[in-house]
Amino acid sequence: MRVDTPAAVARQQTEFGDASQYGELSGEYFTLAAGTDISALLEGLEDDLCQCPHWGYVLEGTLTASYADGSEEVTEAGELFHWPPGHTVRAQADSEIVMFSPQDEHAEVIDHMLGRLDESTR
C-alpha cells in the first residue's frame, strides 16, 4: 500500500511485467458470464493459448488464468493481474475486468476468437 489515508488509497504492484518490446497498448473492458472458458476459442493459436500479455484489474467476479505448465492463478474483484503470454482464462463468477494489452498482438487473438465463434454458429 503506497497511500492509505481516510481521503485516498493508492496501491502499487512493482515488477508487474515488461511491455517495452511491444508497440501501442489498448485499453479494454470485458464482461464474462460465470462458467465462461475461452479455451475452445483459442484452439489453433500457438499451444492453443493466448500468446499476448495482459495487465489489468478485476472490477467484479473471480477469474482463473491457466498456463501451459499446468499452473493456475486466481484473481478476484479488487485485485490487479498480469497474464503473461501462454494462458487461457475462465470465469468462476460473473466478472468485469479492465485490461491493457499490446494492441496489434491482441487484435490478432480477438480476430482468431471471432473466427472460432463464427465457425461455431454455422
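Since the structure is predicted, the reported quantities are computational estimates derived from the model, not experimental observations.

1. Overview of the pattern of salt bridges
Right, so step 1: Counting across every chain of the model gives 3 salt bridges.
Right, so step 2: Note that Arg 90 is salt-bridged to Glu 72, the shortest N-O span being 3.0 Å. On the criterion of sequence distance, the pair formed by Arg 90 in strand 8 (residues 87–91) and Glu 72 in strand 6 (residues 72–76) is long-range, its members being 18 residues apart.
Right, so step 3: Residue classification places Arg 90 among the partly exposed residues on the basis of a relative accessible area of 27%.
Right, so step 4: A relative accessible area of 49% places Glu 72 in the partly exposed class.
Right, so step 5: In the salt-bridge network here, residues are joined through shared partners; they are Glu 43, Arg 116 and Glu 119.

2. Topic: the sheet that holds strand 8
Right, so step 1: One open sheet holds the 3 strands; their spatial order is 6-5-8, and the pairing between them is antiparallel. Since the sheet does not close on itself, it has two edges, and those belong to strand 6 and strand 8, each with one partner. Averaged over neighbouring strand pairs, the angle between their axes works out to 20 degrees when direction is ignored.
Right, so step 2: Pairing of strand 5 (residues 62–67) with strand 8 involves 5 bridges; the strand directions are antiparallel. Each bridged residue has a counterpart across the sheet, and for Ala 65 the counterpart in strand 8 is Val 89.

3. Considering unusual backbone geometry
Right, so step 1: Its identity as a non-glycine residue notwithstanding, Glu 15 has a phi of 50 degrees, on the positive side.
Right, so step 2: A positive phi is found at Asp 48, a non-glycine position, where the angle reads about 55 degrees.
Right, so step 3: If you trace the backbone, Asp 48 turns up in the loop between helix 1 (39–42) and strand 4 (54–60).
Right, so step 4: Here Asp 48 falls in the partly exposed class, since its relative accessible area comes to 39%.

Criteria and cut-off values
- Residues numbered from 1 in each chain as written.
- Predicted model: local features only at pLDDT ≥ 70, side-chain atom pairs only at ≥ 80, totals over all residues.
- Heavy atoms only, no water.
- Salt bridge = Lys/Arg side-chain N within 4 Å of Asp/Glu carboxyl O.
- Helix = DSSP H or I, 4+ residues; strand = E, 2+ residues; numbered from the N terminus.
- Buried < 20%, exposed > 50% of the residue type's maximum accessible area, 1.4 Å probe, protein only.
- Pairing = 2+ DSSP bridges.
- Axes fitted to C-alpha atoms, helices over the stretch in contact; angles between N-to-C directions.

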